[in-house]
Amino acid sequence: PEHSCQQSMCAVFGCHKWEIYSCPLQLATELRASGVDAILDKWDLREGHEADAFMEKMVTDKTIKKVIIVSDRGYTEKSDSRKGGAGTEAQIISKELYQEDQDKFVAVVRERDERGEPYLPAYYTSRIFIDFSDDGLFSGSFEQLMRWIEDKPLHERPPIGELPPYVTEGESTITISTGPSRRRAYDAITGSKGHAYSATKDYFDLFVRELERFRFDPEVDPLAEEFLENFQAFLPYRDECLEVVRAISRNTHEDRFVDIVHSFFDGFLQYTEPPASLKQYKVLAMDNYKFFAYELFLHCCTMFFSEHRPDLFGALVERQYYLERKRDFGREPLVGFTAFHQYLESLNHRNQALKLERTSLAADMIKERAVGSGAQFRKLMEMDFVLFLRADLAGEGGYNRWWPDTSVYLGWDYRAFEMFERSRSSQYFVKYVYPFLGANKEELEQLLEKYTAPNGLDVPQWHYRFRLVPKTLIGIEGLCTKP
């Protein structure tokens, strides 16, 4: 009783020719070898036994859990004309087939006609069969048969999950309906499906449209509880977006996926500007979007470095972004990647008004929210610093610089970041760091001189306690000193 065959007694009826497997004898043998207690007339019907009674017992006996009908042209013709044993079986089976549980009977097709149609008895033609007509595919067909016998289908019904938050949550909770679209995009990308691009585009387009749900009232109070609740509500959608972007970075290498990631951020950036419909508003009313843009941009850049995708990284930091609102006011509408890190007046106001005495609330939030994102906070700090260098290497200056807020957490652990420590090896620097930094050692040394020169570039400083030292974080003296 411990053996599975005791729970899987199976009767085998049908044709008596099989080009490779002498059916049903060989099939029954294969089944027994695979743990199924197969019953066959050649083994179980003895001299003096009643053949019709034996066949009827195979169908009606409650200990027989499954009945296999093996069908080819000869068997089908005899069954339909009610000739011979096949005809007798047809009379017995056709009656029981519609009275018994549908899961008890299955036809195994051994032969097809000239049109490719399976040979099946008339009483079975509307039912699902298992195709054994191609001997080259025997293994797959046999697995399908074994799964049917053991009630272990290849595609099992998934468990019912929870209803989406936009259905179950109250009106005060911000939810967006991107879940099904995200799953479709992720499955298509990871499965290399032909519709991967269109599914990804649909997801990103929907995500950008749904961002409207996070818009603050124009007179938002940054001290109100719903202010931080808005920031917190974005977290699950940040993570699902990162899941799709990670799938892109690991599974695609087409230029159009690079383009679509840039287009997504281009659409995201529009929310950092007030919509044309607002005539009066507080500047800080867009601060949630500015923070979301900074956080998501930083995470994606960090991911692209870890996945070694300089093409995706380059699309974000080298291409420009178009802001319609700036053009409407007569300003330059094309902006660089530094637009993803803007001053957050609301967090500064909150820090002062509530006497929180924090150096940077933005850095605090990036650190707290890194948990569960798939990125170590130290790696986010490293990329924040790289973006700071990258912006200064471009030499635009003014408001087009990148302020690495997370560097306030360097504290006393002040040493070169890992990518620069590893870049003592010239080979490592050229292969892994240069494509992202866009500068060689000589160019970095020239930039460092600008930080120390009179009237040179300002170095980030957080009151009297902390001042950024780029030279140390780069480890410039050891850079490219080894093969």
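Here, the structure is the one placed above.
Counting of residues starts from 1 at the beginning of each chain's written sequence and follows it residue by residue. Where totals are concerned, whole chains, interfaces and linings use all residues; where local detail is concerned, this predicted model gives features only for residues with pLDDT of at least 70, and gives and counts side-chain atom pairs only at 80 or more. Heavy atoms from the whole structure form the basis of all side-chain values; hydrogens and water molecules are not counted.

### Regarding helix α18 (residues 377–394)
So, point 1. Taking 1.5 Å of rise per residue, the 18 residues of α18 would be expected to cover 26 Å, and the 26 Å separating its terminal C-alpha atoms lies within 8% of that figure.
So, point 2. Relative accessibility decides the category of a residue: with a 1.4 Å probe and only protein chains considered, values under 20% of the type maximum give buried, values over 50% give exposed, and everything between is partly exposed. By definition, any uninterrupted DSSP run of H or I lasting at least four residues is a helix, any uninterrupted run of E lasting at least two residues is a strand, and each is numbered from the N terminus. Burial of α18 is extensive: 14 of the 18 residues sit out of reach of the surface.
So, point 3. Downstream of α18 by a residue or two, Gly395 has a phi angle that is positive, lying close to 75°. Each helix should span, by expectation, one fewer than its residue count multiplied by 1.5 Å.

### Quick notes on unusual backbone geometry
So, point 1. A positive phi angle is found at Asp151, which is not glycine, with a value near 55°.
So, point 2. Following the sequence through the fold, Asp151 ends up in the loop between α6 (138–149) and α7 (165–168).
So, point 3. The phi dihedral of Cys480 falls on the positive side, at around 55°, and the residue is not glycine.
So, point 4. With respect to the element layout, Cys480 can be found in the segment after α22 (470–474).
So, point 5. Judged by relative accessible area, which is 25%, Cys480 ranks as partly exposed.

### Describing the packing of aromatic side chains
So, point 1. When two rings of Phe, Tyr or Trp (its six-membered ring) have centres within 6.5 Å they constitute a pair, described as stacked for plane angles under 30 degrees, edge-to-face for angles over 60, and tilted for the intermediate range. Taken as a whole and assessed by the stated rule, the structure comprises 38 aromatic pairs.
So, point 2. Where Tyr203 meets Phe207, the ring centres are 5.9 Å apart and the plane angle is 65°; that geometry is what we call edge-to-face. Taken together, the positions of Tyr203 and Phe207, both in helix α9 (residues 196–210) and four residues apart, correspond to about one turn of that helix.
So, point 3. When its relative accessible area of 0% is taken as the criterion, Tyr203 is described as buried.
So, point 4. Judged by relative accessible area, which is 0%, Phe207 ranks as buried.

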